[in-house]
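# Close look at the chain arrangement
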Amino acid sequence: MFEIGKTFLLAACLSLSTHPAASLTLPPAADSAAEPAWAAPLAHTFAPLRAANFASGAFGASALAAANPAASAGIASPAEARADAAMKTGGTVYLRGGVYRQQLRLAGSPGAPGEAARLTVASYPSETAVLDGTGLPIDGFAALIDLNNVSRVTVRGLELRSLKTDRAGNLPVGLYVRGAGQGVRLENNKIHGIANTAAPRGEELSGRDAHGIAVYGTEAPASIRDLTISGNEIYGLTLGSSEAVVLNGNVEKFVVENNYVHDNDNIGIDAIGFEGTSPNPAYDQARSGVIRGNTVTGSTSVRNPSYGRKIPNGNYAAAGIYVDGGRDIAIERNRVLRNDIGIEISSEHAGRSTSNMIVRSNLIARNALTGIGMGGYDKQRGATIGSVITGNTVAGNDTLEWGTGQLYIQFDTRDNIVRNNIFVASASNALIYNEYRENARNIVDHNLYFAPDADQAVWTWKNKTYTGLASYVKNTGNDKHSLFADPAFANAKKDDYRLKPGSPAAASGIKDDILSASPDLAGKARGRTSSGLPSRGAYE
């Protein structure tokens, strides 16, 4: 166990590189604008006492004196300290409660090669350590926590805040994982106030970017793998063209679960491919992961100058959950409410696709533009291929009433399946909107539809609009086994979209191995009814 007291670290840059020191206890001190006269400059690398001193109990007031860079007695040299580092043996680094105006940098893997040692950096139990970026310089890039080519490292229970820049081209990040490595866990952290407020540059409105949590797989073939991002709260970020939580490039076998991502000015959670993040294009996709159990709300770009200098800019482009060029990803049991777009599985890169996606048992409600989007947003983009959208409740989206509906099928969609969903229109009465004819072999059936005005319910398919379910079915061949009926939600006005007894959606779907492989939104097994049929929508 390695405990770092706040007194020394107020102004120091704590750097635990490949071999940081393993043991020190310093008492916390009250946060103060007035730093001790001996406080180290930001560039100082903190080197605590050797592990041998911890074993002998050589701590207390003398340790505090030794931490003073002006003192010389009783402190190991940095080289000696690194030789007995936490990264060498593994263990837990506890940060006592208080405010640390500094960054934390980690590199390497704990333990000897071939071992399974783990290093955990965490707030001390029942306390919160705050890494505060106020006033920290950003020259191109800066992260409050920077994990560079690390494996088997956990960051837990910290608060990261207030890392900001007003200079175009700089990139502030709350928690950054990069390079390659395995077994990284980011758990129960709170990240807010990360911001780039620069004026966007040129016609492309570029140069204004920030992230809350960023994972960039920049090596090949070695990947970032077995990654867990769980239980974090990420909010109040000024992101410019970037995302609150992003996995980009050579990232695989990941779990992003039970996070609360809210009130950010761009995309909430994003898994990306084909941006050149990996040096080998064959590995340049986030893939083989799960995005589940998250609540994402308040993602909107309408006041983000990276989407139009005149504010509000009228550009509702921020998805709660977005996969852009990823593959083999399950998006399940999420609550995605009041964003610009609910869930989007698309590709922004011509000739490239988002593929083999599963979108199941999600609640997607009251989003401004649409509930679920798929395909490229224009003919210069890529495709959505071989994906399954099943068992979702998609209700009251298109709050703008632009007619973009609950399911927005864009350019180049092929071999996708849409089944066992509930689609309930907003006041626009629009259910499916598909303005492109590049739409091949997509199967849409066994859904339940409803609209406030049944006579005006509309579906647009391959750029032709049909009013009423019968006309739509006759002219498209879709939804021959679908229903048009009130799903009887428990209390939609209070975001309770469970089904009342007797709902026509209950136990009325089609048997679906993909849907039944995972529980419903409330954790209940799917399709365990007397008929063996699942309910349509997110809840059994």
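Refer to the structure presented above.
Since we're looking at a predicted model, the values are computed, not measured.

Looking now at the overall build of the protein chain. Assigned secondary structure in the protein chain consists of seven helices and 49 strands. Counting across all 540 residues of the protein chain, residues that qualify as buried make up 58%. Across the protein chain, every contact between residues at least 6 apart in sequence was considered, and the portion connecting residues at least 24 apart equals 78%. Summed over all atoms, the accessible surface of the protein chain reaches about 20000 Å², with 49% contributed by carbon and sulfur.

If you walk through the whole model with that rule in mind, you get 21 salt bridges. Asp132 is paired through a salt bridge with Arg161; the nearest N and O atoms lie 2.7 Å apart. Here Asp132 is found in strand E7 (residues 129-132), whereas its partner Arg161 is found in strand E10 (residues 159-161), with 29 residues between them in sequence. Take Asp132: its relative accessible area is 3%, and that puts it in the buried class. Where Arg292 meets Glu257, a salt bridge forms, and the shortest distance between an N and an O atom there is 2.9 Å. Residue Arg292 is found in strand E24 (residues 287-292), and its partner Glu257 is found in strand E21 (residues 251-257); the two are separated by 35 residues along the sequence. We classify Arg292 as partly exposed; its relative accessible area is 25%. Taking relative accessible area as the criterion, Glu257 reaches 18% and is therefore assigned buried. Salt bridges sharing partners connect three or more residues here, namely Arg225, Asp226, Glu252 and Arg287.

Glancing now at the pairing of E21. Counting buried residues along E21, six of its seven residues qualify, which places the element largely inside the surrounding structure. Note: strand E18 (residues 224-230) against E21, six bridges, orientation parallel. Counterpart to Thr228 in the pairing with E21 is Val255. Relative to E24, E21 runs parallel, the two sharing four bridges. By the bridge assignment, Val256 is partnered in E24 with Ile291.

Of all the positions in helix H6 (residues 469-476), only Leu469, Tyr472, Val473 and Thr476 are classed as buried. Buried positions in H6, seen along its axis, are confined to an arc of 95° and lie on one side of it. The exposed residues of H6 that point more than 90 degrees off its buried face are Ala470 and Lys474. Gly477 sits one or two residues past H6 and shows a positive phi near 80°.

As for its placement among the helices and strands, Thr460 is situated in strand E45 (residues 458-461). Overall, the relative accessible area of 6% leaves Thr460 in the buried class. Within the structure, Thr460 has its side chain in polar contact with the side chain of Thr465 (distance 2.8 Å). With near-sequence residues (within four places) excluded, Thr460 lies in contact with Ile432, Tyr433, Asn434 and Thr465.

In this section: the pairing of E7. Regular strands place side chains that alternate from one sheet face to the opposite one. Burial along E7 is two-sided: Ala129 and Leu131 facing one way and Val130 and Asp132 facing the other are all buried. When strand E4 (residues 98-100) meets E7, the two strands line up parallel, connected through three bridges. Across the sheet, residue Val99 finds its bridge partner in E7, namely Val130. Two elements, E7 and E10, share three bridges in a ladder whose sense is parallel. Bridge pairing in E10 links Leu131 to Leu160.

In this structure, Leu147, Leu175, Leu247 and Ile331 are the most contacted members of the largest nonpolar core, which totals 80 residues. Counting residues per element, this core draws most heavily on strand E8 (residues 141-150), at five residues. In contact with Leu147, other than residues within four places in its own chain, are Leu106, Val155, Leu175, Tyr176, Val177, Arg178, Val184 and Leu186. Residues Leu337, Leu363, Ala365 and Tyr539 belong to the second largest nonpolar core, which totals 14 residues.

In this structure, Leu171 sits in strand E12 (residues 171-179). A relative accessible area of 23% means that Leu171 is categorised as partly exposed. If sequence neighbours within four positions are ignored, Leu171 has contacts with Ile138, Gly140, Phe141, Ala142, Asp209, Ala210 and His211.

With that out of the way, let us pick up the packing of aromatic side chains. In the structure shown here, the tally under the stated rule is 13 aromatic pairs. A ring pair is formed by Tyr449 and Trp459, whose centres lie 5.4 Å apart and whose planes are at 80°; its orientation type is edge-to-face. Taken together, the residues span a long stretch of sequence, with Tyr449 in strand E44 (residues 448-450) and Trp459 in strand E45 at a distance of ten residues. Classification of Tyr449 as buried rests on a relative accessible area of 0%. With a relative accessible area of 0%, Trp459 lands in the buried category. Ring geometry for Phe450 and Phe484: centres 5.8 Å apart, planes at 45°, overall tilted.

Calculation criteria
- Residues numbered from 1 in each chain as written.
- Predicted model: local features only at pLDDT ≥ 70, side-chain atom pairs only at ≥ 80, totals over all residues.
- Heavy atoms only, no water.
- Helix = DSSP H or I, 4+ residues; strand = E, 2+ residues; numbered from the N terminus.
- Buried < 20%, exposed > 50% of the residue type's maximum accessible area, 1.4 Å probe, protein only.
- Contact = heavy atoms within 4.5 Å.
- Areas by Shrake-Rupley, 256 points an atom, 1.4 Å probe, with all protein chains shown as cover.
- Salt bridge = Lys/Arg side-chain N within 4 Å of Asp/Glu carboxyl O.
- Pairing = 2+ DSSP bridges.
- Arc of directions from axis to C-beta.
- Polar contact = N/O pair within 3.5 Å; in protein donor to acceptor, adjacent residues only side chain to side chain.
- Core = buried A, V, L, I, M, F, W, Y, C linked by side-chain atoms within 4.5 Å.
- Phe/Tyr/Trp six-rings, centres within 6.5 Å; stacked < 30°, edge-to-face > 60°.

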